[in-house]
Structure formats: structure tokens, C-alpha cells
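What follows is the residue order along each chain.
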Amino acid sequence: MKDEIEQMVAAAKAGRADGFQRLMSAYGARLYGFFFRATGSHHDAEDLLGDLSLRLVRMIKTYDDRGRFEPWLFRIASNLVRDRIRRRQVRSIVGPITDAEGQSIEDELPGKNLPVEAGLLAAEESGRLKTALEKLDDGTREMILLRHFADMSFKEIAELFECPIGTALAKVHRGLKTLRRMLEEPQDNAASHEGGPI
Amino acid sequence: MTLNDDNLARVAKHLDGQHATLSAAEEALAAEIRRDEQAVASALDVHGANMASALAKAQRQMSVELAGKRRGLRIVLWGGAVAAAAALLLVVVLQMRPGDTASNEVASPKGPVKVVPNNVPEDLPAFSVTETSDTEADLELLRVLGSENELGESLDAQVIDSVLLEEAT
């Protein structure tokens, strides 16, 4: 598998389209999962995956072959998520943008279509997980998602978050406990947690 | 038992696959984290039609970006080739200008070269050639001037002789 990834990366570095396509086929699903769980929105996940594909084309030459490819790729993904969350927070501080009739324009923007998204989430029975993830702080949520989707080690997570390895472990441990507890709670209790923004 | 930073670091290294001898408490923590990760793993996985369409869209965006990059590279390469060809053409045109055959000799980096035939007397002013010139024509001119000078010298000698003769008489 490692050799296969090296071949894909080499092809992509040479500017060959098949190299990029194979990389996207290999990591696309995991990246999408990471984006979706981090933002709680299919629209944002789709958007971020598109952004990442462009960055991959532009930045592949900066990848140092001596390291593992996954942490490098998911570091870019992680930065994209942080930017998106920061922008969303700024938007929520500024307040909703309204049109002449006082109707929120943001409601019409893609990714803010809550009824549709709520329906999709209900369809895949991940509403409780979404709520549980919302309860975690941004850093802890990202660490857990990077462990799961990027298969990152605690050492790599500690480097990415610039914290001691023990701190990374403690945060993941606490976050996992919270997630597990909320996922195992009866449905009624879980429903009472819903509604908080990510 | 409360675990300190060193304990946690050892557990993290153990879970990363590095060799670390753990105490019972550390072992218990490592096992707990493994269990929790497995418990939430299936819930975290994402499937569905949304993902397939997102992947297809990302692939399309990537192809467009790659095509744009290749187009940009082609433009740069063509631009470079055209500039090089234009420079080469300019050099060739400058080399082929008429009357430029002696220019290599006279326009050396050391500055203007004095073109003086060997048989010209010393008091004859030398000509500095700073621009393109026909060497044969220059030499012909110098020859004419040189012969004029000889004629002048012979006339001078005749005058002196006549003066000396008058003085003597």
C-alpha cells in the first residue's frame, strides 16, 4: 500500500492527471468523512473537498517524500476546516444578513438549508453523533476525527496542534468518553442536547 | 490513580506502536482508549449519495485546475521560445548589415584602431576609424595622400636648392 501511495504521489508530482485521480480515489471518502463530521454539513464537506482538490494540485510539489502522506494531506484538510469554522464564527458574531424585507439572506445560502440537512442526517441516523460532536471543543473534535479518518498517531497530532503528546492523549481520551456517553444515552436525553451550533 | 504527563506520554507512545513498558494503570488507560475508539468508529464513518457526488465534483475541479496549469505552462514555454527566436533573429540581422565586413577589426573592445599604412611618413596625420568603413577605400586615400606628400617634399627641396643657389650667387 505504501509503495502504491508513493507511485500515486510521484505521478501527481510529475503533473500527471491519473496520479491526482488515484489519490483522490484513495483518500476522497476519508476526506469527505472528515469534512462532514467536522462541519456537520454535507454542503460544506463538498465545498471543502473541492477546495482541497485544488490545493492538492497546487501544493503537491511541496510534499516531502520522507514523511507520511496522510498527515500531510490531512493537515491541509484540517487548516481548511479551521478557516471555515472561523469564518462561520465571524458571521455569527456579525449577525444574520437580512434583505429589504428583513428575511435572512443566509437562510438562502447553500449549507444553511437546515430542513434538508436535518432530513439527510436523520436518514443516516447520525443526528446524535452530530450533537455529540458539537459538544466537544474544536480542538478535541478535530483530534478525534484525525485519529479516525487520517489514522494519525498521537505524536503527529501533538505536532500538528503544537502541544505535548500527553496533552493530545488526554484530550482524545476525554472527547471519546463524552462521545461514547452521549451515543449510548437514551434517545430522549440525546434529543435535549440538539440545536447547538458547531 | 491519577496519571501525570509522563504516564500519558508513555501511553500515547504505546498506542502509536512504540515500545514502552506500561504500569498497570497506564495499561488500563491504553485499553480504555482503544475500546472507546472502536466504539465510536462505526458511528463516525460516512456513507451515502452525497459523498459520491462530492467526490465526482472534486475530481472535475481537479481536472479543470490541472488543465489550467498545463495551459499556463504552455504559454510560458511558447513565450520563452518566441523571445529566444526574436533575439536570435535580431543578432542575425545585425550581423548581415551591408558594409559590416571590417567592423570586427575596427570595433574591437579596446576602442578605435588607427589604420596607418607602413609606407606613410610620420608627419602624416593618422586617421582614426571609429565607424564602419571600406578598408580598401581608406587605404587608397592614404596612398594618394602619401604620394601628395612626396610631391610636396620634392617641391620643398627644389625651393631650398634655388634659395641656396641665389645666396651663393
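As shown above, the structure is provided for reference.
No experiment lies behind these values; they were computed from the predicted model shown.

Asker: Describe the overall build of chain B, and please don't skip the residues or the numbers.
Answerer: Within chain B, the secondary structure is distributed over five helices and two strands. Sequence-ordered secondary structure for chain B, helices as α and strands as β, is α-α-α-α-β-β-α.

Asker: Residue-level account of the overall build of chain A, with values.
Answerer: Counting its secondary structure elements, chain A contains ten helices and zero strands. Along the chain direction, N to C, the helices and strands of chain A fall in the order α-α-α-α-α-α-α-α-α-α. Out of the 198 residues in chain A, the part that is buried amounts to 36%. Within chain A, contacts between residues at least 6 apart in sequence are counted, and of these 64% link residues at least 24 apart.

Asker: I'd like a description of the packing of helix α7 (residues 138-149) of chain A against helix α9 (residues 165-184) of chain A, backed by residues and values.
Answerer: When two helices pack together, you describe them by how their axes are tilted relative to each other and by the distance separating the axes. All names here are of chain A. Here α7 crosses α9 at 90 degrees, and the two axes come no closer than 9 Å. Taken together, α7 and α9 sit at an angle that is classed as roughly perpendicular. Contacts from Gly-139, Thr-140, Arg-141, Met-143, Ile-144 and Arg-147 in α7 reach Ala-168, Lys-171, Val-172, Arg-174, Gly-175 and Leu-176 in α9.

Asker: Describe in detail α9(A), supporting the description with residues and values.
Answerer: Along its 20 residues, α9(A) runs 29 Å from first to last C-alpha, staying within 8% of the 28 Å computed at 1.5 Å per residue. Those residues of α9(A) not exposed but buried are Ile165(A), Gly166(A), Ala168(A), Leu169(A), Lys171(A), Val172(A), His173(A), Gly175(A), Leu176(A), Leu179(A) and Met182(A).

Asker: So what about the packing of helix α3 (residues 42-59) of chain A against helix α3 (residues 49-95) of chain B? Which residues, and what values?
Answerer: Across the interface, α3(A) lies against α3(B) with an axial gap of 8 Å and an inter-helix angle of 30 degrees. Considering their axes alone, α3(A) and α3(B) lie roughly parallel with respect to each other. As α3(A) runs across α3(B), the sense of the crossing is right-handed. In this structure, α3(A) uses His42(A), Ala45(A), Glu46(A), Leu49(A), Gly50(A), Ser53(A), Leu54(A) and Val57(A) to contact α3(B), whose residues at the interface are Asn50(B), Ala54(B), Lys57(B), Ala58(B), Gln61(B), Met62(B), Glu65(B), Leu66(B) and Lys69(B). In terms of residue class, the contact of α3(A) with α3(B) is built from eight nonpolar, five polar and four charged.

Asker: Give me the lowdown on the nonpolar core, citing residues and values where you can.
Answerer: The biggest cluster of nonpolar side chains holds 59 residues, and the ones touching the most others in it are Phe34(A), Phe35(A), Leu49(A), Ala77(A), Ala168(A) and Ala12(B). At ten residues, helix α2 (residues 17-39) of chain A tops the list of elements feeding residues into this core. There are two domains that each give this core at least three residues, and those are domain 1 (5-44) and domain 2 (47-96) of chain B. Here Ala77(A) is in contact with Leu31(A), Phe34(A), Phe35(A) and Leu52(A), once residues within four sequence places are set aside.

Asker: Which residues make up the interface of chain A and chain B, and what values go with them?
Answerer: Contact residues are listed per partner, giving 39 residues for chain A and 31 residues for chain B. Elements supplying a minimum of two residues to the side of chain A that touches chain B: α2, α3, α7, α8 (154-161) and α9 of chain A. Considering each element in turn, the side of chain A that touches chain B owes the most residues, twelve residues, to α9(A). Taken together, the residues of the side of chain A that touches chain B break down into 22 nonpolar, ten polar and seven charged.

Asker: Residue-level account of the environment of Leu8(B), with values.
Answerer: Positionally, Leu8(B) belongs in helix α1 (residues 5-15). Sequence spacing of Leu8(B) and Glu26(B) is 18 residues, and the spatial spacing of their C-alpha atoms is 7.5 Å. Look past the residues within four positions of Leu8(B) in its chain and what remains in contact with it is Gly166(A), Leu169(A), Ala170(A) and Leu3(B).

Asker: Tell me about α7(A), and name the residues and values.
Answerer: Owing to its 3.6 residues per turn, the α-helix brings residues three or four apart onto one side. Residue and element names in this part refer to chain A. For α7, spanning twelve residues, the distance from its first C-alpha to its last is 16 Å, which sits close to the expected 16 Å at 1.5 Å a residue. Within α7, nine of the twelve residues are buried, leaving the element largely enclosed by the surrounding structure. For α7, the complete set of buried residues consists of Thr-140, Arg-141, Glu-142, Met-143, Ile-144, Leu-145, Leu-146, Arg-147 and Phe-149. After α7 finishes, the residue Asp-151 shows a positive phi value of roughly 55 degrees.

Asker: Lay out unusual backbone geometry with the relevant residues and their values.
Answerer: One can expect most non-glycine residues to show negative phi and most peptide bonds to be in trans. All names here are of chain A. The phi dihedral of Asp-151 falls on the positive side, at around 55 degrees, and the residue is not glycine. Relative to the helices and strands, Asp-151 resides in the loop between α7 and α8. Under the C-beta neighbour-count criterion, Asp-151 is labelled partly exposed, with 13 such atoms within 10 Å. One non-glycine residue with positive phi stands out, namely Glu-162, at about 50 degrees. Of note, Glu-162 is situated in the loop between α8 and α9. Take Glu-162: there are 6 C-beta atoms within 10 Å of it, and that puts it in the exposed class.

Calculation criteria
Each chain carries its own residue numbering, running from 1 in the direction its sequence is written. Each chain is given a letter, starting from A, and each ligand a number, starting from 1, according to the order in which they appear as written. Where local features are concerned, this predicted model is filtered to residues with pLDDT of at least 70; where side-chain atom pairs are given and counted, the filter is 80 or more; whole-chain, interface and lining totals use all residues. Only DSSP runs of H or I covering at least 4 residues are called helices, and only runs of E covering at least 2 are called strands; the numbering of each starts at the N terminus. Every C-beta atom is placed from the backbone, and the number of other C-beta atoms within 10 Å of a residue's own sets its class: buried at 20 or more, exposed at 12 or fewer, partly exposed in between. Two residues qualify as being in contact provided that their C-beta atoms, derived from the backbone, are within 7 Å of each other. Think of each axis as a best-fit line through the C-alpha atoms, taken over the contacting stretch in the case of a helix, with angles from 0 to 180 degrees between the N-to-C directions. Every angle not falling under 35 degrees, over 145, or within 65 to 115 is termed oblique; those three ranges are roughly parallel, roughly antiparallel and roughly perpendicular. Every helix has an expected span of 1.5 Å times one less than the residues it contains. The crossing is said to be left-handed when, going from far helix to near helix, the turn is anticlockwise and less than a right angle, and right-handed when the turn is clockwise. Residue polarity follows a fixed list, in which Ala, Val, Leu, Ile, Met, Phe, Trp, Tyr, Cys and Pro are nonpolar, Asp, Glu, Lys and Arg are charged, and the others, Gly among them, are polar. Only buried residues count toward a nonpolar core: Ala, Val, Leu, Ile, Met, Phe, Trp, Tyr and Cys, linked into one set through C-beta atoms within 7 Å. Where each domain starts and ends follows an automatic or database-derived domain assignment.

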